[in-house]
Amino acid sequence: MISAAVQRVVRSADSAFARVYLSMFRERNALLPFLFHSLFRDEREIALNVVDPLERTTVGQFRQLIEYYLEHGYRFISPNDVLAGLAPDGKYAMLTFDDGYFNNTLALPILAEFRVPALFFISANHVRENKCFWWDVIYREQVARGEPVRKVYHEALSMKSRRTEQIEAELLARFGDAALRPRGDIDRPFAPDELRDFAKSPHVHLGNHTLNHAILTNYTADEVRRQVSGAQDYLRDMTGIAPSAIAYPNGAHDDQVVDICIEAGLKLGFTVRPGKTALPLSGDAQSLMRLGRFVPHSDAS
């Protein structure tokens, strides 16, 4: 039986989606990847409305999720474990974080305490340029103006058919030259030296999230290559290790995007489609580039 606290952590706002979550707890012999973005110290940080809270996960809820799965016989694994091969009779979970928020450092003491790994997908130019993520800018600016959250959500959704550069140019025009400037530790990305130190932890694995959080299906093939290879080069130069995994921004990918990622040396690809990966793993390179992830939720509305 799942505890009420853990049910809240993995609850979706959509009831049909919630039934999928509940059913997955009865599954065995599978890999369950989880997707996080920001981590918050507590509900007070969420209420500041500095960032789009997305799944609204606090440090305490993150801890509860790890504790639950460990208590129920799951092993938390790294991308290296996946590539080395997983025993077909095992129960595995994977923690992944998208974007490269500095607040992800809040996970490190918990990872160290439980000795579990996590995979952090980094948007390289956000780190290099110390700029906010565009969806946070829309959220905080529009909520501050009294716009309903649901309307803000749909506005951000409508922008996802554009290139990141186009979106950012519009936000600077609408909200001023400081629109992409971080407000503090909640909304800012890692600084380069911070990310370099973070990556030294044995519990931290870095992954590719493109140069500029590019929704890759909005770009030409050559632009996709630059986005993917540029992030590979940046992270390899920083850490000495080229990432083996990519998370497609917004989950957007097609056959062309997958082929380009494989050409760049990537071996695992993660979407935002909810789904477990059955064991034994397929040895097919294309299948390993389309792994689903579950998005944990707390009391999101």
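Preceding this paragraph is the structure being described.
This text gives an overview of the structure that appears in the document. (Residues numbered from 1 in each chain as written. Predicted model: local features only at pLDDT ≥ 70, side-chain atom pairs only at ≥ 80, totals over all residues. Heavy atoms only, no water.)

Considering the side chain of Glu 168
Within the secondary structure layout, Glu 168 lies in helix α10 (residues 164-175). Judged by its relative accessible area of 9%, Glu 168 is buried. Not counting residues up to four positions away in its chain, the partners in contact with Glu 168 are His 126, Lys 131, Leu 180 and Asn 212. (Helix = DSSP H or I, 4+ residues; strand = E, 2+ residues; numbered from the N terminus. Buried < 20%, exposed > 50% of the residue type's maximum accessible area, 1.4 Å probe, protein only. Contact = heavy atoms within 4.5 Å.)

A closer look at the nonpolar core
Counting 36 residues, the largest nonpolar core has Phe 62, Leu 95, Leu 111, Phe 120 and Leu 195 as the members making the most contacts within it. With 5 residues, helix α4 (residues 59-71) is the single largest residue contributor to this core. Setting aside residues up to four positions removed in sequence, Phe 120 forms contacts with Phe 97, Asn 104, Leu 111, Phe 198, Val 204, His 205, Leu 206 and Gly 207. If you look at the next biggest cluster of nonpolar residues, it comprises 22 residues, including Val 50, Val 51, Val 152 and Ala 179. (Core = buried A, V, L, I, M, F, W, Y, C linked by side-chain atoms within 4.5 Å.)

Some words on the pattern of salt bridges
Opposite charge on two side chains permits them to pair, given that their charged atoms come into close proximity. By the definition in use, this model includes 23 salt bridges. Of the charged contacts, one joins Arg 162 and Glu 170 as a salt bridge, the two residues approaching to 2.3 Å between their closest N and O atoms. By relative accessible area, which is 28% here, Arg 162 ends up partly exposed. Salt-bridge contacts for Asp 185 lead to Arg 188; the nearest nitrogen and oxygen are separated by 2.8 Å. Salt bridges sharing common partners tie together Glu 155, Arg 162, Glu 170 and Arg 174. (Salt bridge = Lys/Arg side-chain N within 4 Å of Asp/Glu carboxyl O.)

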